[in-house]
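Each chain is listed here by its residues.
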Amino acid sequence: MSDPTFFVHPQGICESKNVGPGTTIWAFAHVLKGARIGSQCNLNDHTFVENDVVLGDRVTVKCGVYLWDGMRIEDDVFIGPNATFTNDRFPRSKHYPEAFLITRICKGASIGANATILPGITIGESAMVGAGAVVTRDVPPRAIVVGNPARISGYSGTIKAEPVANPFTETKSTSEPFPLSPQGCSLWHLPHFRDMRGGLLAIEFVKNLPFQPKRTFFVSQVPSQQVRGEHAHKRCHQFLIAVQGSLHVLLDDGHSSVDVKLDSQTLGLYMPAGVFGVQYRFSADAVLAVFASEPYDPDDYLRSLEAFRAWKNQ
């Protein structure tokens, strides 16, 4: 060790000079010359860091993790023991691609023990990859993914661990909207009639919706591992109804967030402008109807959490 501001165990090897202060590299870890490691990182026993690897600050790498060329790991990331990363989709012995795919683990994300991350994937900010998950596609910010292949089971940082249940029942039905924690969002009870001939959902736009719709569209046949939405609107208000099946909706106004389950035609979800929304965990038969207060305008969209936060901060 040439720099007294970071620590290398006597049985560890650190060939890189680009290591930040307060970082610790423990026994049987090996860091190659080209690697760049930030401050206050912790590389546990039996870890390996290749040349074209960048670690931010306060990154924890537990035992048995190998970081290959093309890894970009941002600040405050946790990588659990024996998590596996790859950088070549079609590896052959002694055959090397012109460039290795970049795998990015964004700020505050956590990778569970024994998870496998395929090459070229981005794990979004504050996302959580469950132990043993096999991640085959990008993970949205704050998403919690589990299984093989990994699928979204929820979102971190929501106010309630469980989705908001339908507050309206046959014995407790009201025309008053049920307010949700993200500012302005609410659940609405919709009139529904049933007899031996079947069910009837009737909506009078002025009476039953919080605005006069100018556009409507329907979302269906969404694979359960896919997400929809992932944007906010500057001006457009939306009203969502699961006319068939079920799905989950994440709402975030920049200060609070909540997970809502839509599983009844009698339940409508109002999303005002300035709320970031994500729809996920669609059932196989789910059909989502969306009523919008404005015609389609691409300039009205905020298509990432970063753009949404910047707009809110203005």
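Calculation rules
Residues numbered from 1 in each chain as written. Predicted model: local features only at pLDDT ≥ 70, side-chain atom pairs only at ≥ 80, totals over all residues. Heavy atoms only, no water. Helix = DSSP H or I, 4+ residues; strand = E, 2+ residues; numbered from the N terminus. Buried < 20%, exposed > 50% of the residue type's maximum accessible area, 1.4 Å probe, protein only. Contact = heavy atoms within 4.5 Å. Core = buried A, V, L, I, M, F, W, Y, C linked by side-chain atoms within 4.5 Å. Phe/Tyr/Trp six-rings, centres within 6.5 Å; stacked < 30°, edge-to-face > 60°. Lys NZ or Arg CZ within 6 Å of the ring centre and 35° of its normal. Pairing = 2+ DSSP bridges.

So, on to the side chain of Ser 110. Checked against the element boundaries, Ser 110 lands in strand 15 (residues 110–111). According to the relative accessible area criterion, Ser 110 is buried, its value standing at 17%. Apart from the residues within four sequence positions on either side, Ser 110 is in contact with Phe 78, Ala 127, Met 128 and Val 129.

Its location among the elements puts Thr 47 in the loop between strand 6 (42–43) and strand 7 (48–49). Given a relative accessible area of 3%, Thr 47 falls into the buried group. In this view, Thr 47 contacts Phe 28, Ala 29, His 30, Val 61, Lys 62, Cys 63, Gly 64, Val 65 and Tyr 66; residues no more than four positions away in its chain are not counted.

For the rest of this paragraph, the subject is the nonpolar core. Counting residues in each nonpolar core, the largest one holds 49 residues, and the members touching the most others are Leu 67, Ile 79, Phe 85, Ile 111 and Ile 123. Of all the elements in the fold, those that place two or more residues in this core are strand 8 (53–55), strand 11 (71–73), strand 20 (143–146), strand 21 (151–155), strand 32 (276–280) and helix 2 (305–313). Looking at which element gives the most residues to this core, the answer is strand 32, with 3 residues. Core analysis: the next-biggest nonpolar cluster, separate from the first, contains 21 residues, Cys 185, Val 249, Leu 251 and Val 260 among them.

Let us now look at the packing of aromatic side chains. The full count for this structure, using the stated rule, is 8 aromatic pairs. Both rings, one in Tyr 155 and one in Tyr 280, keep their centres 4.9 Å apart while their planes meet at 70°; by these two values the pair is edge-to-face. Taken as a pair, Tyr 155 in strand 21 and Tyr 280 in strand 32 lie far apart in primary sequence, 125 residues in all. For Tyr 155, a relative accessible area of 4% puts it in the buried group. Feature note: the residues Phe 48, Tyr 66 and Trp 68 constitute an aromatic cluster, connected by ring pairs. Above the face of the Tyr 301 ring, Arg 303 is positioned so that its terminal group lies 4.1 Å from the ring centre.

Take the sheet that holds strand 23 (residues 186–189) next. Ordered in space as 22-23-31-28-33-26, the 6 strands form an open sheet in which the pairing is antiparallel. Two strands close off the open sheet at either side, each with one partner strand: strand 22 (178–179) and strand 26 (215–220). Inspection of the sheet shows strand 28 (residues 238–244) paired to strand 33 (residues 287–292) by 6 bridges, in the antiparallel sense. Bridge pairing links Ala 242 to Leu 288 in strand 33.

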